[in-house]
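Architecture and fold: a report
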Amino acid sequence: MQGKPDNCTIIIFGASSDLAARKLFPSLYELAMWGNLPQDYRIIGVGRAPLSHAEFRHLINEKMADLLPESMLDASSFASFVERVFYVRVDLAEPNSYDQLRQEIMAVAGRSENCKNLLFYLATPPSLAPIIIRNLQHADLGEKEVTEHGWRKIVVEKPYGRNLQSARELNAVIGEVFSEKRVFRIDHYLGKETVQNIMVFRFSNGIFEPLWNRQHIANVSITIAEDFGIRDRGSFYEEAGLLRDIMQNHALQLLAAVAMEPPVDLSADAVRDEKAKLLRSIRLFTSESVGQAVVFGQYEGYRSEKNVAPDSTVETFAAIKFFIDNWRWKDVPFFVKAGKNLASTVTEIVITFKCPPQNYFGPAESCSYTANQVILQIQPEETIAIKFGAKRPGEAVITDPVYMRFDYKTSFTEAGLTPYHRLLLDAMAGEQMNFIRQDSVEYAWAIIDSIRDAVGTPSPDSYPIHSHGPDSVERIYG
Ligand code: BG6
């Protein structure tokens, strides 16, 4: 994003949500402190709780004081930020309540002629999204009614629906009220520096791309591991499970970034065309294929977490072998693994190249597992490594795996923006490249639905906390 976005009013539904408290308000405050927000802006929190502006300001003040680093806690900056924050109580399911919201928005925005651009942000559970959008339309707050007074845009948090059908319904409702170029479906992974760098790494260098295909690559493995459990999100997890929480979005987006074709240019739609095309090429699962390709796990103790059913069959781990039926990737397995309460917290992509035709230095099949890899670590380290075999010094010819490594920390001094900083700015500026388009969302759900349908009633394998997941995961590598 270049320059400052237009002046606007940001209206956050789910103002008391964990997301708003932990990510949205602190990010907006930091952006304000750094001078990245528009010259003039207003923020309106929308929620069910009966709070005055002052009470809401006090609440976010307290939360931010807990979360932000000491260096950011400046009393006068706090004060000037919160005086632009307002609160409106709305019964989200009640259309008439939105007339009141409209009046409040116009009153708040009207204090500055310039804040009539409206950015709606839905930090609410997925089931509420269609209701809120319909009610915005009812109160003439949709984009389609607009207006010489300014733009209107909507940001929708993941999970976007809970299956293909609900995502299509939600897309249909949104499409009646906002045009696609005003819709910003967030997957915060797309705001990560290291995820954005995948495309740069692949397409700004002539070294890797010629090898980036089925002729040279044996397999690709993507891991999103976390060493903590579901925390206090029992109700959410019982509804979502790991497939909806992480596979449908973060994991498939990483897969798309690694496997997509080069875009025609760097416009948002050219890039999103390629991602959509890739997701569409992923082979769907059937009851025949799913047994060898999908493993579900549940960590020991999950059923005793708060708001979790004692006989829950919800998965907190999944390992899936995907195939992409296209010219570049046919028959190359993509092993994607994600889970809660695993041994460590790490997100990485490992591209394993085929062995040379003749392996003089060890057993024929050994090269891939010890060397011959490109490793993109997305987090916590932000590195790219090439792992290859080198001769150990000495008389005998023995190969050892060694690394050539790039690290963001040591190569650059600039501080990166966090995903929410970046994506909030992009949404205000109308830059859509790092938001998920309608077609991609639906292709991704079609894949997840095919797994759910093929698995039927899941019976996840149990795994110990801080392990590598259930032993049965080996099945997918066979
Ligand atoms: C969220 C998921 O979208 O992403 C969480 O709901 C997960 O379950 C989180 O922990 C991971 O994000 P990050 O950026 O902390 O790796």
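Procedures and definitions
- Residues numbered from 1 in each chain as written.
- Predicted model: local features only at pLDDT ≥ 70, side-chain atom pairs only at ≥ 80, totals over all residues.
- Heavy atoms only, no water.
- Buried < 20%, exposed > 50% of the residue type's maximum accessible area, 1.4 Å probe, protein only.
- Helix = DSSP H or I, 4+ residues; strand = E, 2+ residues; numbered from the N terminus.
- Pairing = 2+ DSSP bridges.
- Domains from an automatic or database assignment.
- Buried area = accessible area lost by both parts, 1.4 Å probe.
- Salt bridge = Lys/Arg side-chain N within 4 Å of Asp/Glu carboxyl O.
- Contact = heavy atoms within 4.5 Å.
- Core = buried A, V, L, I, M, F, W, Y, C linked by side-chain atoms within 4.5 Å.
- Near = heavy atom within 4 Å.
- Polar contact = N/O pair within 3.5 Å; in protein donor to acceptor, adjacent residues only side chain to side chain.
- Areas by Shrake-Rupley, 256 points an atom, 1.4 Å probe, with all protein chains shown as cover.
- Nonpolar A, V, L, I, M, F, W, Y, C, P; charged D, E, K, R; others polar.
- Axes fitted to C-alpha atoms, helices over the stretch in contact; angles between N-to-C directions.

1. Describing the pairing of strand β4 (residues 118–122)
Where burial is concerned, most of β4 is hidden: five out of the five residues are buried. Across five bridges, the pairing between strand β1 (residues 8–13) and β4 is parallel. Across the sheet, the residue bridging to Ile10 is Leu119, located in β4. Where β4 lies against strand β5 (residues 152–156), five bridges are found, and the strand directions are parallel. Counterpart to Leu118 in the pairing with β5 is Arg152.

2. So, the domain arrangement of the protein chain
As assigned here, the protein chain comprises domain 1 (8–157) and domain 2 (190–477). On a C-alpha basis, the centres of domain 1 and domain 2 stand 34 Å from each other. When the area that domain 1 buries against domain 2 is broken down by residue, the three leading residues are Ser27, Leu31 and Lys153, summing to 30%. The interface formed by domain 1 and domain 2 holds zero salt bridges in total.

3. What to know about the environment of Ile198
Mapped onto the elements of the fold, Ile198 is located in helix α7 (residues 193–203). Looking at Ile198, the relative accessible area reads 1%, which means it is buried. Beyond its immediate chain neighbours, meaning those up to four positions away, Ile198 contacts Leu254, Ala257, Val258, Ile349 and Ile378.

4. Quick look at the nonpolar core
Judged by nonpolar contacts, the single largest core of 109 residues is most densely connected at Phe13, Phe120, Met247, Leu255, Phe322, Phe334 and Ile349. It is helix α8 (residues 234–259) that provides the largest number of residues to this core, a total of 13 residues. Of the domains in this structure, domain 1 (8–157) and domain 2 (190–477) are the two that each give at least three residues to this core. Not counting residues up to four positions away in its chain, the partners in contact with Ile349 are Ile198, Val220, Ser221, Ile222, Leu254, Val258, Val374, Ile375, Leu376 and Ile378. In this structure, Ile12, Phe56, Ala123 and Phe184 belong to the second largest nonpolar core, which totals 38 residues.

5. Let's talk about the site of the ligand
In the vicinity of the ligand, the contacting residues are Lys158, His188, Tyr189, Lys192, Glu226, Arg233, Asp245, His250, Lys340 and Gln379. Contacts to the ligand include Lys158, whose side-chain N or O atom sits 2.7 Å from an oxygen atom. One of the side-chain nitrogen or oxygen atoms of Asp245 is found 2.5 Å away from an oxygen atom of the ligand. About the coverage of the ligand: the protein hides 76% of its 400 Å² of free accessible area. Taken together, the residues of the shell around the ligand sort by class into one nonpolar, three polar and six charged.

6. Regarding the sheet that holds β4
The strand order across the open sheet built from six strands is β3-β2-β1-β4-β5-β6, with neighbouring strands paired in parallel fashion. What marks the edges here is a single partner per strand, and that holds for β3 (85–89) and β6 (183–185). Here the average twist between neighbouring strands, direction ignored, is 20 degrees.

7. Observations concerning the side chain of Thr352
Note on placement: Thr352 falls in strand β11 (residues 346–353). Look at Thr352 and you get buried, because its relative accessible area is 4%.

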